[in-house]
Amino acid sequence: MRPGFNPARRNRNIGTASQGHGQDNRMVVPNPGRLISPIERIGAHVATHWRVGSGEIRFVVEELRANWLHPCTIGDVIRLLERIPQSDWAGIRTIVFRQPSRKQSLLNPSWGRLFYFGEIVTARGRVVADGPMLLLDAIEQGRHFTWRTGLALDDQAELARLEADGHGVERSGNRYIIRVTPESARATQLYRTVPHEVGHWFDWLEKVETPAAQGEDFSMLRDRYFARPRGEREAFAHRYADRVHASLTATGAIPFEPQNWAAPD
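Since we're looking at a predicted model, the values are computed, not measured. (Residues numbered from 1 in each chain as written. Predicted model: local features only at pLDDT ≥ 70, side-chain atom pairs only at ≥ 80, totals over all residues. Heavy atoms only, no water.)

On to the side chain of Asp 137, then. Here Asp 137 lies in strand β6 (residues 127-137). Within the structure, Asp 137 has its side chain in polar contact with the side chain of Arg 98 (distance 2.8 Å). Each residue touching Asp 137, except ones within four places of it in the same chain, is listed here: Pro 71, Arg 98, Pro 100, Ser 110, Trp 111, Arg 113 and Gln 189. (Helix = DSSP H or I, 4+ residues; strand = E, 2+ residues; numbered from the N terminus. Polar contact = N/O pair within 3.5 Å; in protein donor to acceptor, adjacent residues only side chain to side chain. Contact = heavy atoms within 4.5 Å.)

Structure representation (structure tokens):
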């Protein structure tokens, strides 16, 4: 026994994260397989194909839990895309209306996201769709979320966009409380998020797909694209979405009444 060692003395790491305490029940989005993102897993759903412009898009709609809703419809998205140059979103062949899990909605909330290449699979591993795709998340009715008041410039701009979309924004102490309604959620997801994600795809087409088609090395172009700062890519998508929003608003193309699921025009 080494000098000064007291076997009765309690290890200071016992019961702490240093020895793994709490790691089995920490608040994370579960991903049992660790092979694909939890976002790419889908539950009960229906899938349909619709003509959009001169092409066809596969729409996958996940079944909703009680008190959740999809802010916009298939018809809404079709009508909007038909008012955006098809060359800007050429190659996107799948749009998924997701039902996020409760942990996902708390830890990784999103109006929508773009997968440059994704794979949507069931719990049994059946592939529902793959390739470039746009994912739009359902929202829980009556939900509100909070932001700290000490916002960076980009976050201040985003807060202003949310307020312009019709969300209720109020300050309470050192927090902003943002209250979401079905109407404000539709405005954000349809008129701003969809063009924003199309902006990311247009950026990808310009910087990767087009030069690759002209003979440049795809891997090098892809690595260069993702090596750009995230803020730079986000700024590009914001500028694109703002330009589309301003143009469609000026011509009266948006806003428009909600379109029926089964009868988009």
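Another aspect to go through is the pairing of strand β2 (residues 55-62). Counting buried positions along β2 yields six of eight residues, so the element is predominantly enclosed. Across eight bridges, strand β1 (residues 45-52) lies against β2 in antiparallel orientation. From the neighbouring strand, Arg 51 faces β2, where its bridge partner is Glu 56. Linkage of β1 to β2, two consecutive antiparallel strands, is achieved through a turn of two residues, within which Gly 53 is found at a positive phi near 60°. Two elements, β2 and strand β4 (residues 94-98), share four bridges in a ladder whose sense is parallel. Directly across from Phe 59, in β4, lies its bridge partner Ile 95. (Buried < 20%, exposed > 50% of the residue type's maximum accessible area, 1.4 Å probe, protein only. Pairing = 2+ DSSP bridges.)

Here the focus is the sheet that holds β1. Strand order in the open sheet made by the five strands is β1-β2-β4-β6-β5, with mixed pairing throughout. Of all the strands in the sheet, just β1 and β5 (112-121) have a single pairing partner and so form its edges. Ignoring which end each strand starts from, the neighbouring axes of this sheet average 30° apart. Bridge count between β4 and β6: five bridges; the pairing is parallel. When the bridges of β6 are listed, Phe 97 appears paired with Leu 136. Here helix α5 (residues 182-213) sits on the sheet and contacts β5 and β6; the angle it forms with β5, its principal contact strand, is near 75°. (Axes fitted to C-alpha atoms, helices over the stretch in contact; angles between N-to-C directions.)

That is the geometry; function is a separate question.
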